[in-house]
Amino acid sequence: MTFVTKIRLQSGNRPALDRIVDEIRSTAERKGAELRGPHSAPPKRLTVPQYKTAAGEEHRQFRSWDYTVYTREMEIVGHNKLARQVTEFDFPDGVHIEVELEQIEQMA
């Protein structure tokens, strides 16, 4: 059986996200692991209204707060030791990581 580790990284700080992706890619190349990705999703632009009062009166609000979220997805095929090592990286505060482990059965 082979394990596929799916890694999803999200951040509003694109340079920090790209540094982490490059670090994962170079580590996989050094270890000789099969790495798929990184796959980039279109940036997601979030807008959050900011009200001057807690009552949320729409006519009394500040300018909306805009935030862009960048997403990268990668897959490590097999190489469980590398997948474990990647999840133990010291990620910057602004980078969110999700890891999903999928077990694939090989056909005989």
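Residues numbered from 1 in each chain as written. Predicted model: local features only at pLDDT ≥ 70, side-chain atom pairs only at ≥ 80, totals over all residues. Heavy atoms only, no water.

Undergrad: For this particular structure, what's the right way to read a positive patch on the surface?
TA: A surface patch of positive charge is lined by R30, K31, K81 and R84. When contributions to the positive patch are tallied by element, the ones reaching two or more residues are α1 (14–31) and α2 (80–87). (Patch = residues over 30% accessible without salt bridge, like charges linked within 9 Å, V, L, I, M, F, W, Y side chains within 5 Å. Areas by Shrake-Rupley, 256 points an atom, 1.4 Å probe, with all protein chains shown as cover. Salt bridge = Lys/Arg side-chain N within 4 Å of Asp/Glu carboxyl O. Lys, Arg positive; Asp, Glu negative; His and termini not counted. Charge placed at Lys NZ, Arg CZ, Asp CG, Glu CD. Helix = DSSP H or I, 4+ residues; strand = E, 2+ residues; numbered from the N terminus.)

Undergrad: How should the nonpolar core be read in this particular structure?
TA: Of all hydrophobic cores here, the largest spans 18 residues; its most connected members are L9, I24, I76, L82, V86, F91 and V95. Mapped by element, the contributors of at least two residues to this core are β1 (2–11), α1, β3 (61–77) and α2. The element best represented in this core is α1, accounting for six residues. Those residues in contact with L9 that lie beyond four places of it in its chain are L17, I20, V21, I24, Y70, T71, R72, M74, F91, V95, H96 and I97. (Core = buried A, V, L, I, M, F, W, Y, C linked by side-chain atoms within 4.5 Å. Buried < 20%, exposed > 50% of the residue type's maximum accessible area, 1.4 Å probe, protein only. Contact = heavy atoms within 4.5 Å.)

Undergrad: Looking at this structure, I do not really get the sheet that holds strand β4 (residues 95–104). What am I missing?
TA: Each strand in a sheet pairs with its neighbour through backbone hydrogen bonds, running either in the same direction (parallel) or in the opposite one (antiparallel). Taken in spatial order, the four strands line up as β2-β3-β1-β4 in an open sheet, and their pairing is antiparallel. Each of the sheet's edge strands pairs with one partner strand only, and the pair in question is β2 (34–51) and β4. Strand-to-strand, the axes of this sheet are offset by a mean angle of 15°, without reference to chain direction. Relative to β3, β1 is paired through eight bridges, and the arrangement is antiparallel. Across the sheet, residue K6 finds its bridge partner in β3, namely E75. Strand contacts of α1: β1, β2, β3 and β4, with the helix running at about 5° to β3, the strand carrying the most contacts. (Pairing = 2+ DSSP bridges. Axes fitted to C-alpha atoms, helices over the stretch in contact; angles between N-to-C directions.)

Keep in mind these numbers describe shape, not what the thing actually does.
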